[in-house]
Amino acid sequence: MTRIDKNPDGGKDNAVEVRGLVKHYGETKALDGVDLDVREGTVLGVLGPNGAGKTTLVRCLSTLVTPDAGTAVVAGYDVVKQPRQLRRTIGLTGQYASVDEKLSGWENLYMIGRLLDLPRRAARQRADEMLERFSLTDAAKRPAMQYSGGMRRRLDLAASMIGQPAVLYLDEPTTGLDPRTRNEVWDEVQRMVAEGATVLLTTQYMEEAEQLANELTVIDRGRVIANGRVDELKAKVGGRTLQIRPSDTAQLPAMARVLAEAGLDGVSGATVVPDEGLLYVPILSDAQLTAVVGVMGSHGFGIAHIGTHLPSLDEVFLAITGEKTSVSDTTEEEVAA
Ligand SMILES: Nc1ncnc2c1ncn2[C@@H]1O[C@H](COP(=O)(O)OP(=O)(O)OP(=O)(O)O)[C@@H](O)[C@H]1O
Ligand SMILES: [Mg+2]
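The rules behind the values
Residues numbered from 1 in each chain as written. Chains lettered and ligands numbered in written order. Predicted model: local features only at pLDDT ≥ 70, side-chain atom pairs only at ≥ 80, totals over all residues. Helix = DSSP H or I, 4+ residues; strand = E, 2+ residues; numbered from the N terminus. Buried ≥ 20, exposed ≤ 12 C-beta atoms within 10 Å, placed from the backbone. Near = placed C-beta within 6 Å. Nonpolar A, V, L, I, M, F, W, Y, C, P; charged D, E, K, R; others polar. Core = buried A, V, L, I, M, F, W, Y, C linked by C-beta atoms within 7 Å. Contact = placed C-beta atoms within 7 Å. Expected span 1.5 Å × (residues − 1).

Caption draft 1: Highlighting the environment of Tyr77. Its location among the elements puts Tyr77 in strand β5 (residues 77-78). Looking at Tyr77, the number of C-beta atoms within 10 Å reads 24, which means it is buried. Put simply, Tyr77 and Ala15 are 62 residues apart on the chain and 9.6 Å apart in space, counted from C-alpha to C-alpha.

What follows is the structure, given as structure tokens:
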């Protein structure tokens, strides 16, 4: 893999460094002073609701849009002052696939390889290889206009990886993909990272962020509202919630008491909701889940139903912005551990 030499004054540890980035569209502040870093060889997940500014950020970092203020340096190159060098070090999969409709899948990839100065043979090999990796070999000769949405997206991803870019931007890469294809994409991203690439990934899916990202930055209305490692943010939100439905609803308070007295590591409290006949327990790890269920069993409580519930992106936002979730709103009795 060829990697472009960095400028001597470029950051050593950060492949992407963004400071005070601002982009306005008329009255809309799409980016309102964004700071973020992506360490070399890691994946940064950028989370945010619709209109948060994710795509605008990716466009600024790919030189497709010029920021109004602030700086962004990618692989040592300034997005405004060195756009040409920068473009040669990055790969981009946009939110909207950008393949040439009239060309076949293979021709699309071969053409991009040639545009990236790969010799003919290498471009051919790389096109074959990427089609294979994204399960498009059978459709290689068909024009892209006949591809389904998922196939198009896979082709687009393959195209962004042809040149083995040092820094790869993926803007909602798996939105609209079926679970199997989503897993294929995740595998490919992980492979790129294992080979040394740095990835900035925007997503609406917590699961995707958890699978791929080392760190997360949450943006809302053009501003960074939280950042940190995935487990740090999850801990803030409370991770999963375990729901236990006892065979006998009258036992709910006793169950909560036993749990509080057990003093399980990291189990911060249980909430009884008598109307629902449920006990809610925030859970941060599989070990805690097992321990909680164990305590219930060893005290002889009968359990009719048990389930876990992951925080949704909505809940993450609610938690990060300091608002309560509906579970705690309906709390009628709280038992602190
Ligand atoms: N070309 C444009 N002209 C005018 N307004 C724009 C343009 N592009 C983006 N915006 C506005 O800037 C804001 C940020 O948009 P952006 O596309 O970056 O959000 P996003 O986080 O990618 O959203 P989504 O999750 O829906 O893809 C929005 O209010 C959007 O309407
Ligand atoms: Mg977007």
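Having seen the model, we can carry on.
Caption draft 2: How the structure looks around the site of ligand 1. Around ligand 1 there are 12 residues in total, and Tyr25, Ala30, Lys54, Thr55 and Thr56 lie nearest to it. Tallied by class, the residues present in the shell around ligand 1 amount to 3 nonpolar, 8 polar and 1 charged.

Caption draft 3: The nonpolar core, seen in detail. If you look at the biggest cluster of nonpolar residues, it comprises 67 residues, and the most contacted ones within it are Leu61, Val74, Leu109, Ala158, Val199, Leu200 and Leu201. The element that contributes the greatest number of residues to this core is helix α5 (residues 149-161), accounting for 6 residues. The residues contacting Val199, other than those within four sequence positions of it, are Val43, Leu168, Leu170, Val189, Met192 and Val193. One finds Ile244, Ala256, Val281 and Ile283 within the second-largest nonpolar core, a separate group that totals 14 residues.

Caption draft 4: Structural detail: helix α4 (residues 120-133). With 14 residues, α4 should reach 20 Å at 1.5 Å per residue; the first-to-last C-alpha distance of 20 Å fits that figure. The elements touched by buried residues of α4 are α3 (105-115) and α5. Immediately beyond the C-terminal end of α4, within one or two residues, lies Ser135, with a positive phi of roughly 55°.

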